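Examination of the molecular architecture
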Amino acid sequence: MTEKVVLVTGACGEIGQALVQGLAKQGGYRIVTADLSPLPENIKDVSTEHAQGDLVYKIKTFYDYDFDIIFHLAASLSSKAEVSSEDAHRINVEGTMQLLMLAAYRSEKYQKSVKFIFPSSIAVYGMPDLETKKLAGCVKEEEYNLPHTMYGCNKLYCEKLGTYYSLYYGQKHLDERPPHMLDFRSIRFPGLISAFTLPHGGTSDYGPEMLHAAAQGNPYSCFVREDTKISFMAMPDAIKSLLMLVDVPREKLHHQIYNIGAFALTAGEFRDRASRAFPGAQITFAPNPRRQGIVDSWPEDVDDSLARADWGWQPDYDADAFFDEYFLPEIKKRYQR
Ligand code: SER
């Protein structure tokens, strides 16, 4: 069987490391990686080539590769993007645009639809106030698409760009459309939590930061209020979703963009569970108004019925399974507690 050639950008990030490991485990892929940083030891051996540097300036080198699949994970997350918004726009939008053009060009020229898998985010939603957030509960893909952050604006726009390149680029009538347009597929992720890595620059980071701190016996001051609620997911479920979506035959997909959910907890519930698992955990709350505002604009939970109907999405880890079967066993091994 010939190997599929896959590019993973942002390979050194949290999703990147876990995805590269997941692809290698599954087999059948020649994995090319890209990131600003050198590859960490845990994925060094499974990447056949690593392009280190800024994607925007490196794009020409990728025109020489025959990619079947592109996982474009490189991004500047929501808190970081608020403080260096121009930079974030360049990384999040310009980088995506360059890769989409490459994938569209290759799809047409070589008559082979390149699959372009794009992680989007709950940051594309913008709840106007807390009352609306509470009343709305689980939001559907097309609701409240009014992001309050640079990162959310970038992700929402890139969803639109990807959809444009896969459906309308060239402005041909439906029956004249070339059969090999790029195949854009996007998942809107909730906050992700890994037992092995920590996020940098995001705003859902209080969840994983609090749990890792408690597991290490370190005090943690949470930057959002106790009643702050958004949806979260175990990293293995996030990787499962990417590997599932990439394999679904296009005709089964009725959409380009899919919510996926697993469990929604308040920061106070995280504290309670952390305190039960690690008695004596020192968790306090000192909300940062800017970061609080960002999380308040994200929905409490998402409606993922489209993903369930089109490609059979179902998480393996609800809140109990996340703690009992994944996070606590792994983190106790990691920190020897
Ligand atoms: N986890 C991301 C962030 O906090 C949201 O997608 O920025």
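Above this text sits the structure in question.
The structure presented is a predicted model; accordingly, all values stated were derived computationally and were not measured.

1. Overview of the site of the ligand
In the vicinity of the ligand, the residues found are Leu77, Ser78, Ser121, Tyr151, Gly202, Thr203, Ser204 and Trp298. One of the side-chain N or O atoms of Tyr151 is found 3.4 Å from an oxygen atom in the ligand. Across the shell around the ligand, the residue classes tally to 3 nonpolar, 5 polar and no charged.

2. Here's the deal with the sheet that holds strand 8 (residues 191–193)
Read across the sheet, 3 strands follow the order 8-10-12 without closing on themselves; strand pairing throughout is mixed. The sheet is open, and its two edges are formed by strand 8 and strand 12 (263–266), each paired on a single side. Sheet twist, expressed as the average angle between the axes of neighbouring strands with direction ignored, equals 45 degrees. As judged from the 4 bridges shared by strand 10 (residues 229–234) and strand 12, these two strands associate in the antiparallel manner. Within strand 12, the residue paired with Ser231 across the bridge is Ala264. Along the sheet, helix 10 (residues 267–277) makes contact with strand 8, strand 10 and strand 12, crossing strand 12 at roughly 90 degrees.

3. As for the nonpolar core
Residues Val8, Phe71, Tyr206, Trp311 and Phe322 are the most contacted members of the largest nonpolar core, which totals 82 residues. At 9 residues, helix 13 (residues 319–335) tops the list of elements feeding residues into this core. Setting aside chain neighbours within four positions, we find Phe322 in contact with Ile193, Leu211, Ala234, Phe263, Tyr317, Phe327 and Leu328. Counting residues in each nonpolar core, the second largest holds 26 residues, with Phe67, Leu100, Val114 and Tyr165 among its members.

4. Quick notes on helix 1 (residues 14–26)
Between its terminal C-alpha atoms helix 1 stretches 19 Å, which fits the 18 Å expected from 13 residues at 1.5 Å a residue. Within helix 1 the residues assigned to the buried category are Glu14, Ile15, Gly16, Gln17, Ala18, Leu19, Val20, Gly22 and Leu23. Of the residues one or two after helix 1, Gly27 is the one with positive phi, at around 80 degrees.

Calculation criteria
What you see as residue numbers is a count from 1 along each chain, following the sequence as written. Predicted model: local features are reported for residues with pLDDT of at least 70 only, side-chain atom pairs are reported and counted for 80 or more only, and whole-chain, interface and lining totals are derived from all residues. Excluded from the side-chain calculations are hydrogens and water; all other atoms, namely the structure's heavy atoms, are used. Being near a molecule or strand, for a residue, means having at least one of its heavy atoms within 4 Å of it. Pairs of N or O atoms within 3.5 Å make up the polar contacts considered here, provided that, within protein, one atom can donate a hydrogen while the other can accept it, and that residues adjacent in sequence are counted only when both atoms are side-chain atoms. Charged means Asp, Glu, Lys or Arg here, nonpolar means Ala, Val, Leu, Ile, Met, Phe, Trp, Tyr, Cys or Pro, and polar covers whatever is left, Gly included. We treat two strands as partners when DSSP finds at least two bridges between them. By definition, any uninterrupted DSSP run of H or I lasting at least four residues is a helix, any uninterrupted run of E lasting at least two residues is a strand, and each is numbered from the N terminus. An axis is simply a line fitted to the C-alpha atoms; with a helix, the fit covers only the stretch in contact. Between two such axes, the angle follows the N-to-C directions and lies from 0 to 180 degrees. Any two residues having at least one pair of non-hydrogen atoms within 4.5 Å are treated as being in contact. Grouping buried Ala, Val, Leu, Ile, Met, Phe, Trp, Tyr and Cys residues that are joined through side-chain atoms within 4.5 Å yields what is termed a nonpolar core. The buried label goes to any residue with under 20% of its type's maximum accessible area, the exposed label to any with over 50%, and the partly exposed label to all in between, with areas taken from a 1.4 Å probe on protein chains only. One less than the number of residues in a helix, times 1.5 Å, gives the span that helix is expected to have.

These values are about where atoms sit, not about what they do.
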